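Okay, here's what each chain looks like letter by letter:
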Amino acid sequence: MKPLRMIIVAVGGQGNLLASKVLGEAALIEGVEVRMSEIHGMAQRGGVVESAIIFGDASSSIISDGEADILLGFEPAETLRAIGRCSANTRVITNTATLPPFTVAIGKGNYPEVNEIKQILKEKTAGLVAIDAMALARKAGSPMSVNIVLLGALIQTGALGFSKENVKEAIKRRIKPALVEMNLKAFDLGFEAAAAGTV
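Let me sum up the structure you'll find in this document. Quantities reported herein were computed from a predicted structural model and do not represent experimental measurements.

Reading the values: the criteria
- Residues numbered from 1 in each chain as written.
- Predicted model: local features only at pLDDT ≥ 70, side-chain atom pairs only at ≥ 80, totals over all residues.
- Heavy atoms only, no water.
- Helix = DSSP H or I, 4+ residues; strand = E, 2+ residues; numbered from the N terminus.
- Rg over C-alpha atoms; globule rule 2.2 N^0.38 Å.
- Buried < 20%, exposed > 50% of the residue type's maximum accessible area, 1.4 Å probe, protein only.
- Contact = heavy atoms within 4.5 Å.
- Lys, Arg positive; Asp, Glu negative; His and termini not counted.
- Charge placed at Lys NZ, Arg CZ, Asp CG, Glu CD.
- Arc of directions from axis to C-beta.
- Salt bridge = Lys/Arg side-chain N within 4 Å of Asp/Glu carboxyl O.

## Some remarks on the overall build of the protein chain
The helix and strand inventory of the protein chain stands at eight helices and six strands. Compactness check: the protein chain gives a C-alpha radius of gyration of 16 Å against a globular reference of 16 Å for 199 residues, within 12% of the reference. Of all 199 residues assigned to the protein chain, the portion counted as buried reaches 49%. Here the contacts in the protein chain between residues at least 6 apart in sequence split such that 65% fall between residues at least 24 apart. Side-chain charges of the protein chain comprise 21 positive and 20 negative groups, with the mean position of each set lying 4 Å from the other.

## With respect to helix H4 (residues 114–124)
Turning to H4, its buried residues number three or more, namely Ile 117, Lys 118 and Leu 121. The arc that holds every buried residue of H4, seen down its axis, measures 95 degrees, which confines them to one face. Projecting away from the buried face of H4 at angles above 90 degrees are the exposed residues Asn 115 and Glu 123. In the core, the buried residues of H4 are packed alongside helix H2 (76–81), strand S5 (91–95) and strand S6 (127–131).

## Here we look at the pattern of salt bridges
Considering all chains together, one arrives at nine salt bridges under this definition. The salt bridge partner of Arg 173 is Glu 25, with a shortest N-O separation of 3.1 Å. Of this pair, Arg 173 sits in helix H7 (residues 164–174) while Glu 25 sits in helix H1 (residues 16–30), and the two are 148 residues apart along the sequence. Linked by salt bridges that have partners in common, Glu 25, Glu 169, Arg 173 and Arg 174 make up one network.

In structure tokens, the structure reads:
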């Protein structure tokens, strides 16, 4: 398989690393080589967490600026902040529910309008799927399933080329048994939202 480069960006606590593990497991089920690396930026304090995943034959897990084929963003401002990793050929899937940083809460910073973020992402990349993953996660039963909602949206786009069934199997293997059904529902809700073309 020709290498497919994917960046996942999130705020600490949003489940970026679990999402990466589920995708890694799905790659193994699909018979695709996978390499991963993570960068933690004060994750426990709401800082950014970034995962780089390369599917296919690659000698490194480093994704340079402009090289990402897919950008999966769990928080819209962090998705925008990662735009430098994208090119005009990158597919972007992002959550539209915001988690403004502490500096905004105390009036020391500004948070961009979500519609402006979406417009910039649309203009600079090959395609955008933007969904309110938090609302869908709550509908599934827990706000902690935002990550799995976004995986559903990702898989629906076909950008990764993995089957829905294999990713669901990976969820069953990687998530605690008591939480599997809720997360499968979250996956389906994300898949359906992306199919509806929500932007």
